[in-house]
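Geometric and topological summary
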There are 2 protein chains.
Amino acid sequence: MKERHEFILGEVVKAYLDTGQAVGSRALSERGDLELSPASIRNAMADLERMGLLCSPHTSAGRKPTDSGLRYFVDSLMVVDANLHNHLSASISSHLNLKRDINQVLQQATDELVSLTRFAGLVSVHEPDFSRIEKIELVPISTEQILAVIVSSEGKVQNRLVRRDAQLSDGRLSEISRSLSELLSHCSLEEARERLIREIDHDRLRIRQLLEELKQWAENPTKGKSDLIFSGQSQLLKMPEFGVIETVRSLFTAFEEKEDLLKLVEQVEQSEHGVKVFIGHEHALIDMDEVSVVLSRYEGEGRVLGTLGVIGPKRMHYERVLPIVDCTARWVSRVLGGNR
Amino acid sequence: MKERHEFILGEVVKAYLDTGQAVGSRALSERGDLELSPASIRNAMADLERMGLLCSPHTSAGRKPTDSGLRYFVDSLMVVDANLHNHLSASISSHLNLKRDINQVLQQATDELVSLTRFAGLVSVHEPDFSRIEKIELVPISTEQILAVIVSSEGKVQNRLVRRDAQLSDGRLSEISRSLSELLSHCSLEEARERLIREIDHDRLRIRQLLEELKQWAENPTKGKSDLIFSGQSQLLKMPEFGVIETVRSLFTAFEEKEDLLKLVEQVEQSEHGVKVFIGHEHALIDMDEVSVVLSRYEGEGRVLGTLGVIGPKRMHYERVLPIVDCTARWVSRVLGGNR
DNA sequence: AATAGCACTCCGGCCGATAGAGTGCCAACT
DNA sequence: AGTTGGCACTCTATCGGCCGGAGTGCTATT
C-alpha cells in the first residue's frame, strides 16, 4: 500500500472518529495538513474503497472506514502517545486507593474505566475449576447451625451452612470435623460423593443428616464458571449511534445473555498478555456490528485472574481507549499481585 | 362519584391499557357494552377531566387516564379474577422446582416474573444490620491463610481471609481463636475495634498482624445494606412507550444508581404485608413518570427477608400483574420459610 | 337528561421543491 | 504520468403546504 493511501486512510479514520459522519473529499482537503486537491483525494479514496477499507453508505455521501479499515488503522497507523500512557498510569494509581477486598478493587477499576472512557465497563472474574478438596472444616455457629468450610486444591473457599443436630456437642463436632477431613482430603467431588454415600450407609459417624447435606453439596457445587459484571451501560445511551432503539435492544439483550460475551472473554484469557480489540463484526456477536470491545487480562500470583475492559461504539478513539484499558489492567494486576 | 362516571372511567382505562393511545368518545361508544351516545360520553369525560382523573394530550386527541385515574382504577374499580389467582399460584408452584440455595430461589423467582409479565424483574435481599458479634472463629486454611468466620447476633455470617504467620501452629491458632472469641463476644463493632486496639498495644497474644487485619475489618465491614438485583431489563425496550431514547436512558440510569429505588424498596419492607403499586409520579423517581413499580415483600422464619416485583410501563394490565407478583412472593416465602 | 348536528382544532402523513454535499469522469496542465 | 479544475449527475435531508381523520365543545332539539 502506498504511503499516500495510508495517509489518507488515516485522515479519513480520524475525521470519522471525530464526527461520526461519512467524510467527503472536500472536507478532508480543507481539514487537515495534507496538501492535496479534493480530486486527488477522490482518486485515492476510490482505490481504498476497492481494497475494502472504505465504503460509502450511499451514492453521494462521503466515505466511512469499514471494519477492516479501522483494523488497519489500529494495527498499523495509530500511534499511542507515550506521555498519555505515563500520565494515565500515574493518574490511575493516584486516583484509586487500595482496598484489600478483590471485589472492591474490581469495582473501583470498572468505575474508573467508565468515568475515563464514558463507555460501558466490563469485568470478569475467572473462576478456576473446583477440582479436589484440599481441606474441610466444620465450625459450630450456634446450637442450630454448622458452617462447613471447604477449600479446594486451587485455594478456592466455599462456605455452606448445614443444620445441626441438637445433641451434637462442640467436642464431638471437632472430632467429626477431623474424621471428615481425613476421609475427604484430596478427593475429587465425585469421589467425595461416593465416600459420603458409603459413610451414610454404615453411618459410622452417626451424623446421617449432616452427611446428607454435604452429599447434596458435592452433587451440586457452586459451579466453576467465570462471571461477568457490567457497569455504566447507561453511558452508551448517550451516544448518537445508539439513538435507534433496535441497536440498543440487541446490545442490552447481549448484556443479559452473557453467553456470547463470555466466549470472547475466555478467548482473551487464553491468549497472550496485552490489550485485545474486537471491532464491529470481529467479535461475531449478532446485531452488534456497531460496537467494539476492548479487553485485557489481569493477573496476580502468576495466574490469570480475569479480564476487564470496555464496550463502546465502533467509533471510539482507540488511541485513547487502548492505553486506558491497558493501564487499568496493569494497575489491578499490581494491586492483586502484591497484596496477597 | 356517580356510578355512570365510574363505569366510563373504567372503560377508558381498559381501552387505554389495551391500545396505549388516548381514547375518544366515539371509539368508546362503539367498543364496549355501554349503550350511550358519544355525546353523553363526552359530557361524562369532561367531568372526569375536571376531577383530575382524565386528561387530553392536546385539543383534539382523546383522553388518557392520569396517574390519579389509574390509581382510582387499581384501588376501587379493578377486579382480580379469583380463578386467575389460583391458576397462577398452581402454575408457579409446579413450574419452579425447589432449590436449597436462597440465591437460586430468588433467581428462579425473578426469571418467572420476567417471563410472565414481560417486564423487568427486581429483587432485593434485605440485609439486617450487623449489630453485635455473637461468635468468632479462626479456621486454618493453609500454611499461609486463615479464614476468620464472624457471626452476628442476628445469625449473619461473614468470612474474611487473613494472612497467616508462618510460625503459627494449628494448636496455637485454636487457642487464639478461643481467646478472641471470649474477648469479642457480644461486642458491637465499635467496642470490638477498641478492644482490638488495646490488644494490639499490649500484644498479649503475639499476633499483631492478625489483629490489625481484624481491626480493619471492624472499621469497614461489609455494610449491612440491602442489595438490588435486576433482570430482564431489555424486555422494556420492546415496549413502544420506550421508543424514545431519553426515557430509556433515565430508566437505565436509575437502575444503575439504585439509591432511589432502594428507598422505595425499604418503604415496602417496612409497610404491612401485601402487594404495593406505585404509579407514575407516585414513586417520586425523577424522569420516570412513564413507569409503574409493583412490589411485594417476601418473608421467612417470621422475618422480612426482602422485596420482589416488576418495573413496567405505566400502561400495564394491573389486574394481571398484581396477582403475579403476589403469587411469586408467596411462593418464595413458602419455599424459604419451610425449607430452613 | 340525553342526543344529534355543526363548526372548529389539532395532529400526522404525504407530496414537491430545494439546497447541500459528494461523486465520477474528462480534459487540461505540469 | 500523475495531478488538478470543471462539470453533470445523484442522492439525502429538510422545509412548507396541503389535506384527511379524529375528536372536542357548544347549542339546539327531543
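Up top you'll find the structure we're talking about.
Residues numbered from 1 in each chain as written. Chains lettered and ligands numbered in written order. Predicted model: local features only at pLDDT ≥ 70, side-chain atom pairs only at ≥ 80, totals over all residues. Heavy atoms only, no water.

Attention shifts here to the sheet that holds strand E3 (residues 120–125) of chain B. Neighbouring strands of a sheet are bound in pairs by backbone hydrogen bonds; such pairs are parallel or else antiparallel. Residues and elements named next belong to chain B. Judged by pairing direction, the sheet is antiparallel, and its five strands sit side by side in the order E7-E3-E10-E9-E8 without closing on themselves. A single partner strand is all that each edge strand has here, and the edge strands are strand E7 (227–231) and strand E8 (275–279). On average, each strand axis in the sheet is tilted by 20 degrees relative to the strand beside it, whichever way the strands run. Of the pairings in the sheet, the one linking E8 to strand E9 (residues 291–300) comprises five bridges and is antiparallel in character. Paired with Val275 across the two strands is Ser296, which belongs to E9. The strands that helix H6 (residues 102–117) touches are E3, E7, E9 and strand E10 (303–313); relative to E3, the one it contacts most, it runs at about 155 degrees. (Pairing = 2+ DSSP bridges. Helix = DSSP H or I, 4+ residues; strand = E, 2+ residues; numbered from the N terminus. Axes fitted to C-alpha atoms, helices over the stretch in contact; angles between N-to-C directions. Contact = heavy atoms within 4.5 Å.)

Enumeration over the complete set of coordinates arrives at two cavities of 30 Å³ or more. In this structure, the largest cavity occupies an estimated 40 Å³ of space. In this structure, the largest cavity is lined by B:Ile133, B:Ile136, B:Leu184, B:Ala192, B:Leu196, B:Leu214, B:Trp217 and B:Ala218. Broken down by secondary-structure element, the contributors of at least two residues to the lining of the largest cavity are strand E4 (133–140), helix H8 (189–202) and helix H9 (208–219) of chain B. Of the residues forming the lining of the largest cavity, the biggest block, three residues, is contributed by H9(B). Its residues placed into classes, the lining of the largest cavity shows eight nonpolar, no polar and no charged. Reported here for the second largest cavity is a volume of approximately 30 Å³. What lines the second largest cavity is A:Ile133, A:Ile136, A:Leu184, A:Ala192, A:Leu196, A:Leu214, A:Trp217 and A:Ala218. Only strand E4 (133–140), helix H8 (189–202) and helix H9 (208–219) of chain A provide two or more residues apiece to the lining of the second largest cavity. (1 Å grid on protein atoms, 1.4 Å probe; cavity = no way out; pocket = protein on both sides within 12 Å on 5 of 7 lines; lining within 4 Å. Points joined across faces, edges and corners; volume = space filled by probe spheres on them. Nonpolar A, V, L, I, M, F, W, Y, C, P; charged D, E, K, R; others polar.)

Moving on, we get to the relation of the copies chain B and chain A. With an RMSD of 0.4 Å, chain B superimposes on chain A once it is rotated by 180 degrees and translated 0.1 Å along the axis. Here the transformation between the copies is reduced to the relation of a two-fold axis. The C-alpha atom lying nearest the rotation axis in chain B is that of B:Ile245; the distance is 3.3 Å. (Least-squares fit on C-alpha atoms with pLDDT ≥ 70 in both.)

Moving on: the protein's contact with DNA strand C. Near DNA strand C lie 19 residues; those nearest to it are A:Ser25, A:Arg42, B:Ser40, B:Thr59 and B:Ser60. Taking all atoms of DNA strand C within 4 Å of the protein, the share assigned to sugar and phosphate is 72%. The contact in question runs from a phosphate oxygen of DNA strand C to an N or O atom on the side chain of A:Arg63, over 3.2 Å. B:Arg4 places a side-chain nitrogen or oxygen 3.2 Å from a phosphate oxygen of DNA strand C. Elements that contribute at least two residues to the surface near DNA strand C include exactly helix H3 (38–50) of chain A together with helix H3 (38–50) of chain B. Taken together, the residues of the surface near DNA strand C break down into four nonpolar, 11 polar and four charged. (Near = heavy atom within 4 Å. Polar contact = N/O pair within 3.5 Å; in protein donor to acceptor, adjacent residues only side chain to side chain.)

Turning next to the packing of H8(A) against H9(A). Residue and element names in this part refer to chain A. In the contact formed by H8 and H9, the axes pass within 9 Å of each other and the chain directions differ by 160 degrees. Our classification of the angle between H8 and H9 gives roughly antiparallel. Judged by the twist between their axes, the crossing of H8 over H9 is left-handed. On the side of H8, the interface is formed by Leu189, Arg193, Leu196, Ile197, Glu199 and Ile200, while H9 contributes Arg208, Leu211, Glu212, Leu214, Lys215, Trp217, Ala218 and Glu219. (Parallel < 35°, antiparallel > 145°, perpendicular 65-115°, else oblique. Left-handed = near helix turned anticlockwise from the far one by under 90°.)

This next bit is on the protein's contact with DNA strand D. The environment of DNA strand D is made up of 19 residues, and the closest members are A:Arg4, A:Ser40, A:Thr59, A:Ser60 and B:Ser25. Take the atoms of DNA strand D that sit within 4 Å of the protein: sugar and phosphate atoms are 76% of them. Between B:Arg42 and DNA strand D, the recorded distance is 3.3 Å, taken from a side-chain N or O atom to a base nitrogen. A distance of 3.4 Å separates a sugar or linking oxygen of DNA strand D from a polar backbone atom of B:Ala61. Mapped by element, the contributors of at least two residues to the surface near DNA strand D are H3 of chain A together with H3 of chain B.

Interpretation note: all reported values are geometric properties and have no functional meaning in isolation.
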